[in-house]
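Chains, contacts and geometry: an overview
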Amino acid sequence: MRFPRAPKALRRPVRWGALLAGALPLLAFPAPNLSVLAWFGLVPGLLLISRSPSGREAAVRGWWLGCGYFVATMWWLAPEIGPAVLIVAAVFGVLMAPFGAVVWRLLRPPVSVRRALAALLVVPSFWLVTEWIRSWQALGGPWAVLGASQWQHPAVLALAAVGGVWLISFALMAVNTAITIVIVSGRLAPRLLAAVAGAAAVAAGPVAFALTPSAPTAGSATVALVQPGVVSNGTVPVNGSQILTATLSRNGTLSKMRPDLIVWGESSVAFHLQANQGRLRDIEQFAATDHAEILVDQDFYVSKDQHSKVAVLVGASGIEGTYTKTRLVPFGEYIPFRSALSWLTSISQAAPVNMVPGHGAHPLQVTEPGGQTLTIGPLICFESAFPDMSRVDTDRGAQVIVYQTADSTFQGTWALAQHASLGALRAAETGRPVVQAALTGDSAAFDARGRVLAWMSGSQHGVIPVRLTLPVTSSKTLYDRLGDYVPWTAVGIAVLFGFAPLAGWMHRRSHSGGKGGAVGGDEADYDAGTGLHVPG
């Protein structure tokens, strides 16, 4: 059935509706934390797209839906790039146009059983492909991936141990699709199929959680997270880490716990330690007094126009190891496609020069007070958004994933809580406890299943001691072993679905001899008077 083309006066309000519908899922993420909304929050957008008068209009509505989603979830970038956040959203929104066309093709009423079955597989796959493409570092990296909204539900996070955050996104979109089918289909069979599929997607996480045994343990370790908090004097956060550590040093314990490792936030040392031996000696003295090594973070300047972020592990006898930040914050630390977007520096606080990235994740060895070795995977700030980096550290023997961040640029926004919540995803994916020390908040700690152990918001300051149960290094989740097989499978499904119409057309052409006549290539004969077909 071909729908009549709607007048512009009617199409524009609907497109604005798609924009608002795209923004709705923001409420599922921190700070609102209405995580249940992710299971049905995209239904209004799917309904608007499915009711499009044409595939072209559906693609446009998909674009508007994407624009709304990206503006809402990335508004915290405004201090860095100003109004250009709208340009970023419009560009990323283009990725949603094919998604809109697919939704229209499969979910426009009436929906048959065959189309319902295809939609439950294909629509989530196209959504996932969109998420995976925009997660590429060259395009800025992942943020507000739909599956991340479930960070506070360990039963759902069990899916991350099976297929990463991607599998959670797939399950969420499958449920949104199932609800849409129930609404738009006028037939009982497709509705029953959708209801069963939706219920299965909801139950998948709890079932995985129940069937996954706890990993074997290899002891425990205490980590102290130092958060100086928000202060008006810009130099105090740097000194604040030392002041708080000195307070810990006076009695050697914290809440009756003696730390095995002390973690400072990103940019907690505003100078090059190798070049400032006096300050290095101060940190060495802290480590000696506390009988614990300290992971600090320095801004390392190669030259006036070249600098990097470096995590530095300091013990009583000096520097024990370093890690250089590899994945940089888009616009804050580098500008993607700078040759075309360098003008942003004139209207915003976007990075005047691109920072120099490191060469990839790698673990560091911490010597605990008793002489045992604790292997940590140090990562910095935005790197908590990338599943592959924590997986690399895990594959190389990390027992704890340690993040250092500052986030002071985004103080007062929802970005801080969203950032800290990503640790739960990385913990569930790798089966490793995760900690994040933030200069100004939010600091957090999670166990190996993503359950919250400690949290300090941006309005607080102090030291958080947290006792972590350590898994044996040989313990691996299915996601550790198989990697990104879920998004690759989604890509395969999307490609097959995209080629299906072409394959059908070629099949029909081959059976018609390429002439468009009767099947088998025989030309039909007609009576000149009646116009009726005359059998041969």
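Attention here is on the structure that accompanies the text. (Residues numbered from 1 in each chain as written. Predicted model: local features only at pLDDT ≥ 70, side-chain atom pairs only at ≥ 80, totals over all residues. Heavy atoms only, no water.)

**Quick word on the side chain of glutamate 57**
- Within the secondary structure, glutamate 57 is located in helix H3 (residues 55-73).
- A polar atom in the side chain of glutamate 57 sits 2.6 Å from the side chain of arginine 15. (Helix = DSSP H or I, 4+ residues; strand = E, 2+ residues; numbered from the N terminus. Polar contact = N/O pair within 3.5 Å; in protein donor to acceptor, adjacent residues only side chain to side chain.)

**Things to note about empty space enclosed by the protein**
- This model, assessed by the stated rule, comprises two cavities of 30 Å³ or more.
- There is about 130 Å³ of room inside the largest cavity.
- Along the walls of the largest cavity sit 14 residues, with Trp143, Ala144, Val145, Ala148 and Leu422 positioned nearest its centre.
- Examining the composition of the lining of the largest cavity, we find that five residues originate from one element, helix H14 (residues 415-430), more than from any other. (1 Å grid on protein atoms, 1.4 Å probe; cavity = no way out; pocket = protein on both sides within 12 Å on 5 of 7 lines; lining within 4 Å. Points joined across faces, edges and corners; volume = space filled by probe spheres on them.)

**Quick word on unusual backbone geometry**
- Residue alanine 31 follows proline 30 across a cis peptide bond; omega there is 10°.
- For the bond running from proline 109 to proline 110, omega is -5°, close enough to zero to count as cis.
- Positionally, proline 110 belongs in the loop between helix H6 (97-107) and helix H7 (113-134).
- Phi at serine 267 is positive, roughly 60°, even though this residue is not glycine.
- Among the secondary structure elements, serine 267 is positioned in the loop between strand S2 (261-263) and helix H11 (277-290).
- Residue class for serine 267 comes out buried when judged on its relative accessible area of 12%.
- Here the phi dihedral of histidine 291 falls at roughly 55°; this positive angle occurs in a residue that is not glycine.
- The residue histidine 291 is located in the loop between H11 and strand S3 (293-303) in this model. (Buried < 20%, exposed > 50% of the residue type's maximum accessible area, 1.4 Å probe, protein only.)

**Side note on the packing of aromatic side chains**
- Going through the model one piece at a time under the given rule, you end up with 12 aromatic pairs.
- Here the aromatic rings of tyrosine 69 and tryptophan 127 are separated by 5.6 Å at their centres, their planes lie at 90°, and the arrangement is edge-to-face. In this pair, tyrosine 69 sits in helix H3 while tryptophan 127 sits in helix H7, placing the two residues 58 residues apart along the sequence. Tryptophan 127 matches tyrosine 69 in its accessibility class, with the two residues each being buried.
- Considering the side-chain rings of phenylalanine 99 and tryptophan 127, the 5.5 Å spacing of their centres and the 70° angle between planes classify their relative orientation as edge-to-face. Residue phenylalanine 99 is found in helix H6, and its partner tryptophan 127 is found in helix H7; the two are separated by 28 residues along the sequence. (Phe/Tyr/Trp six-rings, centres within 6.5 Å; stacked < 30°, edge-to-face > 60°.)

**Observations concerning the sheet that holds strand S10 (residues 443-446)**
- Read from one edge to the other, the open sheet built from six strands follows the order S6-S7-S8-S9-S10-S11, with strand pairing classed as mixed. Of all the strands in the sheet, just strand S6 (364-367) and strand S11 (452-456) have a single pairing partner and so form its edges. When the angles between neighbouring strand axes are averaged without regard to direction, this sheet yields 20°.
- With four bridges connecting them, S6 and strand S7 (residues 373-380) associate as antiparallel partners. Considered in S7, the bridge of valine 366 is made with leucine 374.
- Together, S7 and strand S8 (400-405) form the strand contacts of helix H13 (residues 387-395), whose direction differs from that of S7 by roughly 160°. (Pairing = 2+ DSSP bridges. Axes fitted to C-alpha atoms, helices over the stretch in contact; angles between N-to-C directions. Contact = heavy atoms within 4.5 Å.)

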